[in-house]
Amino acid sequence: MIEILNPTLLARAKDTGALVAEILQTLKGRSAVGTNLLDIDRWAKEMIMEAGALSCYVDYAPSFGRGPFGHYICTAVNDAVLHGLPRDYALADGDLLTLDLAVSRGGVAADSAISFVVGGARPAASVAMIETTERALAAGIAAAGPGARVGDLSHAIGTVLREAGYPINTEFGGHGIGSTMHQDPHISNTGRPGRGYKLRPGLLLALEPWVMEDTAQLVTDADGWTLRSATGCRTAHSEHTVAITEDGAEILTLAR
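S.K.: So what exactly am I meant to see when it comes to the packing of aromatic side chains here?
M.R.: In this description, an aromatic ring pair is defined by two values, namely the gap between the centres and the angle between the planes. Under the definition given, this model contains six aromatic pairs. Taking the centre distance of 5.0 Å and the plane angle of 90° together, the rings of Phe69 and Trp225 count as edge-to-face. Taken together, the positions of Phe69 in the loop between strand 1 (54–55) and strand 2 (74–77) and Trp225 in the loop between strand 10 (218–220) and strand 11 (227–229) put the pair 156 residues apart, joining distant regions of the chain. Considered together, Phe69 and Trp225 belong to a single accessibility category, that of buried residues. An aromatic cluster of at least three residues, connected via ring pairs, comprises Tyr57, Tyr60, Phe64, Phe69, Phe172 and Trp225. Cation over ring: Arg30 sits above Trp43, and NZ or CZ is 5.2 Å from the ring centre.

Following this line, the structure appears as structure tokens:
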């Protein structure tokens, strides 16, 4: 299903996106050496409920997970990259943490992810990988606009990732979003320009470049949800929800 939002729903999407950005930045500020992932999940739940919003994750039970997810945010550490199930783990100095959050309010969902290094350590390879996903995300957004094709976005994202030397996995990528979290079209993190669905004003997209340092192969953790790099290498993930407008693409989950 591909939804095109009317102006009323688009205004609600902006509100939801601002909430997602606010929660993620608050959680980032609270994530320090010694912070437990289960505390991050609890804080996310509290903020979602206080805002009168709904979690897109807690009852989520897709075919690729051992559902329902049962938590309010994805917390992926180091070699974990996607669908990180919160667990009893205290963050250590230098851990690479990804927080991925999707909520719905007013009948419209928004989805965003940030990666950052915890504590005072700054492993150069980790910082470079995070920055690469952020640049790839910016390139994908810059390629988005009315009349652009999905392949244009995928090509822009993939070019940045590939030029930085990272393998690209195509099993999971960006997606449409609206009244539900995951919709068509699928947006691979690599692709050919000029191919695929033509973007229209009112379309919401969640673009999400993610990479693993030295492999494109994923393995599923024993929890049935967390996806990790097959080699144990570190990973990074950046995501924004954007709205296609008459003038281009507006980022709805940008931190204020």
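Having seen it, we continue.
S.K.: Got a minute to help me understand the packing of helix 3 (residues 124–143) against helix 4 (residues 150–163) in this structure?
M.R.: Any two packed helices are characterised by how steeply their axes cross, that is the angle between the axes, and by the distance between the axes. Running from N to C, helix 3 and helix 4 cross one another at 155°; their axes reach a closest spacing of 8 Å. Between helix 3 and helix 4, the crossing angle belongs to the class labelled roughly antiparallel. Considering the relative orientation of helix 3 and helix 4, their crossing is right-handed. In contact with Thr132, Arg135, Ala136, Ala139, Gly140 and Ala143 of helix 3, helix 4 contributes Asp152, Leu153, Ala156, Ile157, Val160 and Leu161. Here the residues of the contact of helix 3 with helix 4 sort into eight nonpolar, two polar and two charged.

S.K.: Help me understand the sheet that holds strand 10 in this model?
M.R.: Pairing between the strands of a sheet is mediated by backbone hydrogen bonds and can be parallel or antiparallel. The strand order 3-11-10 describes an open sheet built from three strands, whose pairing is antiparallel. Unpaired on one side and paired on the other, strand 3 (80–82) and strand 10 mark the two borders of the sheet. In this sheet, neighbouring strand axes are inclined to one another by 45° on average, regardless of whether the strands run parallel or antiparallel. Relative to strand 11, strand 3 runs antiparallel, the two sharing two bridges. By the bridge assignment, Ala80 is partnered in strand 11 with Arg228.

S.K.: Would you mind showing me how to read helix 2 (residues 37–50) here?
M.R.: One turn of the α-helix equals 3.6 residues, which is why residues spaced by three or four share an orientation. In this model, helix 2 (14 residues) spans 20 Å end to end at C-alpha, consistent with the 20 Å of a helix rising 1.5 Å per residue. Among all positions of helix 2, only Leu37, Ile40, Asp41, Trp43, Ala44, Met47 and Ile48 are buried. The buried residues of helix 2 occupy an angular sector of 160° when projected down its axis, which confines them to one face. In helix 2, the exposed positions that point more than 90 degrees away from the buried face belong to Met49 and Glu50.

S.K.: Please explain the packing of helix 1 (residues 7–30) against helix 2 as it appears in this structure.
M.R.: It is the contact of helix 1 with helix 2, at a shortest axis distance of 10 Å, that shows an interaxial angle of 145°. Considering the relative orientation of helix 1 and helix 2, their crossing is right-handed. Where helix 1 abuts helix 2, its residues Ile23, Thr26, Leu27 and Arg30 lie against Ile40, Trp43, Ala44, Met47 and Ile48. For the contact of helix 1 with helix 2, a count of residues per class yields seven nonpolar, one polar and one charged.

S.K.: Is there a simple way to think about empty space enclosed by the protein in this case?
M.R.: The gaps left among the atoms become clear once a water-sized probe is rolled over them. This model, assessed by the stated rule, comprises one cavity of 30 Å³ or more. Here the largest cavity is characterised by a volume of approximately 40 Å³. Every residue lining the largest cavity is listed: Leu37, Thr75, Ala76, Val77, Ala80, Gly84, Leu85, Arg87, Asp223, Thr226 and Arg228. Here the lining of the largest cavity gets three residues from one element, more than from any other, and that element is strand 2. Of the residues belonging to the lining of the largest cavity, the class tally is five nonpolar, three polar and three charged.

S.K.: Looking at this structure, how should I read helix 1?
M.R.: Between its first and last C-alpha atoms helix 1 spans 35 Å; for 24 residues at 1.5 Å apiece the expected length is 34 Å, and the two agree. For helix 1, the complete set of buried residues consists of Leu10, Ala13, Thr16, Gly17, Ala18, Leu19, Val20, Ala21, Ile23, Leu24 and Leu27. Where helix 1 starts, the residue carrying a side-chain oxygen 3.1 Å from the main-chain nitrogen of Thr8 turns out to be Asn6.

S.K.: Looking at this model, I keep getting lost on the environment of Gly194. Mind explaining?
M.R.: Of note, Gly194 is situated in the loop between strand 7 (183–187) and strand 8 (204–207). The exposure class assigned to Gly194 is partly exposed, which follows from its relative accessible area of 45%. Not counting the four nearest positions on each side in its chain, Gly194 is found in contact with Arg149 and Asp152.

S.K.: Please explain the nonpolar core as it appears in this structure.
M.R.: Ranked by internal contacts, the top residues of the largest apolar core, which has 25 residues, are Leu27, Ile40, Ile73, Leu97, Leu99 and Leu101. For this core, the elements supplying multiple residues, two or more each, are helix 1, helix 2, strand 4 (96–105) and strand 5 (108–117). Here the element with the most residues in this core is helix 2; it accounts for six residues. Core analysis: the second largest hydrophobic core is formed by 17 residues, Leu10, Met181, Trp225 and Leu252 among them.

What counts as what
- Residues numbered from 1 in each chain as written.
- Predicted model: local features only at pLDDT ≥ 70, side-chain atom pairs only at ≥ 80, totals over all residues.
- Heavy atoms only, no water.
- Phe/Tyr/Trp six-rings, centres within 6.5 Å; stacked < 30°, edge-to-face > 60°.
- Helix = DSSP H or I, 4+ residues; strand = E, 2+ residues; numbered from the N terminus.
- Buried < 20%, exposed > 50% of the residue type's maximum accessible area, 1.4 Å probe, protein only.
- Lys NZ or Arg CZ within 6 Å of the ring centre and 35° of its normal.
- Axes fitted to C-alpha atoms, helices over the stretch in contact; angles between N-to-C directions.
- Parallel < 35°, antiparallel > 145°, perpendicular 65-115°, else oblique.
- Left-handed = near helix turned anticlockwise from the far one by under 90°.
- Contact = heavy atoms within 4.5 Å.
- Nonpolar A, V, L, I, M, F, W, Y, C, P; charged D, E, K, R; others polar.
- Pairing = 2+ DSSP bridges.
- Expected span 1.5 Å × (residues − 1).
- Arc of directions from axis to C-beta.
- 1 Å grid on protein atoms, 1.4 Å probe; cavity = no way out; pocket = protein on both sides within 12 Å on 5 of 7 lines; lining within 4 Å.
- Points joined across faces, edges and corners; volume = space filled by probe spheres on them.
- Polar contact = N/O pair within 3.5 Å; in protein donor to acceptor, adjacent residues only side chain to side chain.
- Core = buried A, V, L, I, M, F, W, Y, C linked by side-chain atoms within 4.5 Å.

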